[in-house]
Amino acid sequence: MQLNSNIPEGVIQDKWDKHRFELKLVNPANKRKYTIIVVGTGLAGASAASSLAESGYNVKIFCIQDSPRRAHSIAAQGGINAAKNYPNDGDSIWRLFYDTVKGGDFRAREANVYRLAQISNNIIDHCVAQGVPFARDYGGLLANRSFGGAQVSRTFYARGQTGQQLLLGAYSSLSRQIALSKVKMFTRRELLDIVLINDQARGIIVRNLVSGEIESHDAHAVVLASGGYGNVFFLSTNAMNSNVSAAWNAYKKGALFANPCFTQIHPTCIPVHGTSQSKLTLMSESLRNDGRVWVPKDLGETRRPEDIPESERDYYLEEKYPSFGNLVPRDVASRNAKEKCDEGKGVGPTKLAVYLDFQEAIKRDGIETIKKKYGNLFQMYDQITGEDPYKTPMMIYPAVHYTMGGVWVDYNLMSTIPGLFVTGEANFSDHGANRLGASALMQGLADGYFIIPYTIGGYLTSSSFNEINTDHQEFKDSKTKAIEKIQTLLKVNGKRTVDDIHKELGKIMWEYCGMARNEEGLNKALNLIPSLRQEFWENIKIPGNESDFNQSLEKAIRLADFLELSELMVHDALLREESCGGHFREEHQTVENEAKRDDENFCHVTAWQYNGRDNKPSNHIEPLFFENVKLSQRSYK
Ligand SMILES: Cc1cc2nc3c(=O)[nH]c(=O)nc-3n(C[C@H](O)[C@H](O)[C@H](O)COP(=O)(O)OP(=O)(O)OC[C@H]3O[C@@H](n4cnc5c(N)ncnc54)[C@H](O)[C@@H]3O)c2cc1C
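Every value quoted in this text rests on a predicted model; they were computed, and no experiment measured them.

**Student:** Would you explain the overall build of the protein in this entry?
**Tutor:** What the protein contains, in helices and strands, is 17 helices and 19 strands. Relative to the globule expectation of 26 Å for 637 residues, the C-alpha radius of gyration of the protein, 24 Å, shows essentially globular dimensions. Principal axes of the C-alpha set define a box for the protein whose edges measure 75 × 60 × 50 Å. Taken across its 637 residues, the protein has 62% of its residues classed as buried. Roughly 24500 Å² of accessible area belongs to the protein as shown, and the carbon and sulfur atoms make up 48% of that amount. Averaging the locations of the 74 positively and 77 negatively charged side chains of the protein gives two centres separated by 4 Å.

**Student:** Which parts of the structure should I look at to understand the packing of aromatic side chains?
**Tutor:** Two aromatic rings, taken as a pair, are described by how far apart their centres are and by the angle between their planes. According to the stated counting rule, one finds 27 aromatic pairs in the structure shown. Centre to centre, the rings of Tyr34 and Phe465 are 6.1 Å apart; their planes meet at 65 degrees, and the pair counts as edge-to-face. In this pair, Tyr34 is assigned in the loop between α2 (28–31) and β1 (35–39) and Phe465 in the loop between α12 (440–462) and α13 (473–492), connecting sequence segments 431 residues apart. Classification of Tyr34 by relative accessible area gives buried; the value is 16%. Seen in terms of ring centroids, Phe421 and Tyr459 are 5.8 Å apart; in terms of plane orientation they differ by 70 degrees. Their pairing is edge-to-face. Of this pair, Phe421 sits in strand β17 (residues 420–422) while Tyr459 sits in helix α12, placing them 38 residues apart in sequence. A single burial state applies to Phe421 and to Tyr459, both of which are buried. An aromatic cluster is present here, built from Tyr34, Tyr57, Phe421, Tyr459 and Phe465 joined pairwise through their rings.

**Student:** Sorry if this is basic, but what is going on with the sheet that holds strand β18 (residues 604–609) here?
**Tutor:** Either a parallel or an antiparallel arrangement is found when strands of a sheet pair, and the pairing is made through backbone hydrogen bonds. As summarised here, the arrangement of the four strands in space is β16-β10-β18-β19, forming an open sheet in which the pairing is antiparallel. The outermost strands of the open sheet, each flanked by one partner alone, are β16 (406–407) and β19 (618–623). By the bridge criterion, six bridges tie β18 to β19 in an arrangement that is antiparallel. Looking at β19, one finds that Gln609 is bridged to Ser618. Together, β10 (257–258), β18 and β19 form the strand contacts of helix α16 (residues 551–575), whose direction differs from that of β18 by roughly 145 degrees.

**Student:** Explanation requested: the state of the cysteines in the structure shown.
**Tutor:** Chemically, a disulfide is nothing more than a covalent bond linking the sulfur atoms of two cysteines. If you walk through the whole model with that rule in mind, you get zero disulfides. Take Cys127: it sits in no disulfide, and the sulfur closest to it among the cysteines is that of Cys63, at 20 Å. Cys580 takes part in no disulfide bond, and the closest cysteine sulfur to it belongs to Cys261, at a distance of 7.0 Å.

**Student:** When you look at the packing of helix α14 (residues 498–513) against helix α15 (residues 519–539) in this model, what are you seeing that I'm missing?
**Tutor:** A packed helix pair is summarised by two numbers, namely the angle formed by the two axes and the spacing between the axes. Closest axis-to-axis distance for the α14/α15 pair is 9 Å, and the angle between their directions is 170 degrees. With respect to their mutual orientation, α14 and α15 come out roughly antiparallel. Contacts from Ile501, Glu504, Leu505, Ile508, Met509, Tyr512 and Cys513 in α14 reach Gly521, Leu522, Lys524, Ala525, Leu528, Ile529, Leu532, Glu535 and Phe536 in α15. A class-by-class count of the residues in the contact of α14 with α15 yields twelve nonpolar, one polar and three charged.

**Student:** For this particular structure, what's the right way to read helix α11 (residues 367–385)?
**Tutor:** Two residues of an α-helix separated by three or four positions point the same way, owing to the 3.6 residues in each turn. Over its 19 residues, α11 extends only 20 Å from the first C-alpha to the last, a length that falls short of the 27 Å expected when each residue adds 1.5 Å. The largest bend along α11 measures about 85 degrees and falls at Tyr374. Along α11, the residues that are buried comprise Ile370, Tyr374, Gly375, Asn376, Leu377, Phe378 and Tyr381. Structurally, α11 contributes buried residues whose contacts are with α10 (359–365) and β15 (394–403).

**Student:** What am I meant to see in the site of the ligand here?
**Tutor:** By nearness alone, 35 residues border the ligand, and Gln65, Ser73, Gly78, Leu191 and Glu425 come closest of all. The contact in question runs from an oxygen atom of the ligand to an N or O atom on the side chain of Gln65, over 2.5 Å. In the environment of the ligand, an oxygen atom lies 2.7 Å from a nitrogen or oxygen atom belonging to the backbone of Gly78. Counting only elements with at least two residues in the shell around the ligand, the list comes to α3 (43–54), β6 (189–197), β15 and α12. For the shell around the ligand, the element with the highest residue contribution is β6, accounting for three residues. Looking at side-chain class alone, the shell around the ligand contains 15 nonpolar, 16 polar and four charged residues.

**Student:** Would you explain the side chain of Arg107 in this entry?
**Tutor:** Mapping Arg107 onto the fold places it in the loop between α4 (93–103) and α5 (110–130). On the basis of relative accessible area, Arg107 is assigned to the buried category, the value being 1%. In this structure the side chain of Arg107 is engaged in a polar contact, spanning 2.9 Å, whose partner is the side chain of Glu578.

**Student:** Honestly, the environment of Ile80 in this entry has me stumped. Any pointers?
**Tutor:** For Ile80, the position within the fold is in strand β3 (residues 80–81). C-alpha of Ile80 to C-alpha of Phe475: the two residues are 395 residues apart in sequence and 40 Å apart in space.

**Student:** Which parts of the structure should I look at to understand the pattern of salt bridges?
**Tutor:** Note on pairing: side chains with opposite charge can pair once their charged atoms come close. Under the defined criterion, the tally for this structure stands at 51 salt bridges. A salt bridge links Arg20 to Asp17, with the shortest nitrogen-to-oxygen separation between them at 2.7 Å. Within this pair, Arg20 and its partner Asp17 are both found in helix α1 (residues 15–22), separated by three residues, close to a single helical turn. On the basis of relative accessibility, which here comes to 29%, the residue Arg20 falls in the partly exposed class. For Asp17, a relative accessible area of 44% gives the class partly exposed. With a shortest N-O distance of 2.9 Å, Arg597 and Asp105 are connected by a salt bridge. Of the two residues, Arg597 is situated in the loop between α16 and α17 (599–602) and Asp105 in the loop between α4 and α5; the sequence distance between them amounts to 492 residues. Note on Arg597: relative accessible area 14%, which makes it buried. One salt-bridge network, in which partners are shared between bridges, spans Asp105, Arg107, Asp331, Arg335, Arg576, Glu578, Arg597, Asp599 and Arg634.

**Student:** Even after reading the chapter, I still don't get unusual backbone geometry, so can you show me in this structure?
**Tutor:** Note on backbone geometry: most residues besides glycine have negative phi, and most peptide bonds are trans. With a phi close to 55 degrees, Asp105 is a non-glycine residue in the positive phi region. Positive phi outside glycine occurs at Asn259, with the angle close to 45 degrees. Within the secondary structure, Asn259 is located in the loop between β10 and β11 (263–269).

Parameters at a glance
- Residues numbered from 1 in each chain as written.
- Predicted model: local features only at pLDDT ≥ 70, side-chain atom pairs only at ≥ 80, totals over all residues.
- Heavy atoms only, no water.
- Helix = DSSP H or I, 4+ residues; strand = E, 2+ residues; numbered from the N terminus.
- Rg over C-alpha atoms; globule rule 2.2 N^0.38 Å.
- Buried < 20%, exposed > 50% of the residue type's maximum accessible area, 1.4 Å probe, protein only.
- Areas by Shrake-Rupley, 256 points an atom, 1.4 Å probe, with all protein chains shown as cover.
- Lys, Arg positive; Asp, Glu negative; His and termini not counted.
- Charge placed at Lys NZ, Arg CZ, Asp CG, Glu CD.
- Phe/Tyr/Trp six-rings, centres within 6.5 Å; stacked < 30°, edge-to-face > 60°.
- Pairing = 2+ DSSP bridges.
- Contact = heavy atoms within 4.5 Å.
- Axes fitted to C-alpha atoms, helices over the stretch in contact; angles between N-to-C directions.
- Disulfide = S-S within 2.5 Å.
- Parallel < 35°, antiparallel > 145°, perpendicular 65-115°, else oblique.
- Nonpolar A, V, L, I, M, F, W, Y, C, P; charged D, E, K, R; others polar.
- Expected span 1.5 Å × (residues − 1).
- Bend = angle between axes of the 7 residues up to and from the residue.
- Near = heavy atom within 4 Å.
- Polar contact = N/O pair within 3.5 Å; in protein donor to acceptor, adjacent residues only side chain to side chain.
- Salt bridge = Lys/Arg side-chain N within 4 Å of Asp/Glu carboxyl O.

Now the structure itself:
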């Protein structure tokens, strides 16, 4: 298969403008004739749905939660990047573009990233106009702070609740359109299948999670904004409902899945503390603006951190990376924390933690300043661990946080299935092998507010559509298949719970396809996953039935997909014989243990094609060309 990314011709600065001009417009009167389905009400979905409806399309939007406001995006803490250069510290669209391409270890498309940097400034204006209460400085201007992988302050924030405030902004736009009857909201619905007619995406099959009813919905195009798949590891910072099922359905219907092994492990999470835990908590990257990361210099140190003198502390990030210090990108910070713990210098009861210390910042700026900046995060840490971070350093350890891989999309955010668009964390597009902090919100909102409204019009005007409705045979067949799958699951009536099997999968993935991978481990995972999948289909126990609210059933349907995705992730990790960003192959590292890329053989996107349940997927390659940024070994020293 020849992958066409549809990147416009011309110099990088003009590509998006030129493309928007060349895309055919849909006459306002004709927009009313089109219906678009949006799956997901996080930042990517809510922004897309409200903008599409505002411009005249009819929109149906779906989410798992009881309210669009409960999408996982609400958890985002630290901020959103934009190249406004308000602090006058040297930022520009070009610098944001450069930092993002470099941060992603040169495994993202230049043209997409440049467009993202351009649009970043529109997002801030748009959100301010909506009333999003970004932090402001004394004079009333919008405040900025720094995030990893950048030497300028370009992150806009609303204390540690940026996602919540942005989502409330998007939700208010969405609500306006719901009130105008341009958007029809379907809460408590889970996508079970995507319906293709004449090879175009024309609708979806969903389960009503309260009544169990299986419903069919038709449209002229479908937008998936269904989030990331970090929960394949069971323990992650993602919301409990986050899943891969919508994206996986797209894959099984013919969309390609790109770079599935690129997982972001976030360096500052509250460490795992027990075996019955089902969720990990992130401590925002913004904390690394003022917190200093360290471990004791001596192995076997037993004193409390406050009692360890300065001279006996190893501030390893400041030492090793003097230019960026504690603000190195996430992949670099995570690997260094692991390295210190592997050396035996880890702290806390499990020895799988390092300190994040605010004493110097408190002395320098005063406790009130630190409270204003991070108060809610400190409170959250105290509530979870019972320790007061104003007095004693936080303990942190890397955890699964974000997935850079996802459904392959072209420059228009369309997958290889005509009419199936994918936005936000569900697509693979802009972050390469490592996402810089504060750029997921930027991407989700760029996709939804400013890209999809144009590119979907281009598709609609250049395509022809048969008159169809949900009585079409394809809808009937999809519905029957979805019902059969549910009944098969319920009939197993085995002995193991969904969480029990999911935990086992998580352990396999963390051990063999986690922060560091090697050929031997990946091959082991390739043996373990299929037998666990078989165990699932033969021994799963799902209490209750299908015609009722049944969370075990919901989780089982999602786990069935995770058990397939995990294998694809391992195939992808095995094939990529290099280290880059969130993908660290132990066989490929520099003498200083940094990721060693192989640009000659792997400067590309790997996009996987489904070939049926019992066949190996085939892989396709989209070469990456760097005409504006020079490929170089990433250095944060
Ligand atoms: C704790 C935490 C903090 C973060 N902080 C930041 C930050 O400060 N800055 C930053 O840039 N990024 C941050 N991120 C990342 C960022 O929050 C996410 O990448 C982003 O919010 C994803 O948005 P989304 O709209 O793509 O998906 P989501 O917000 O995950 O929304 C997915 C939507 O799809 C729906 N859905 C999913 N599957 C189905 C299905 N099968 N059927 C129907 N509906 C479905 C869900 O109900 C939901 O409405 C953080 C992430 C975490 C976990």
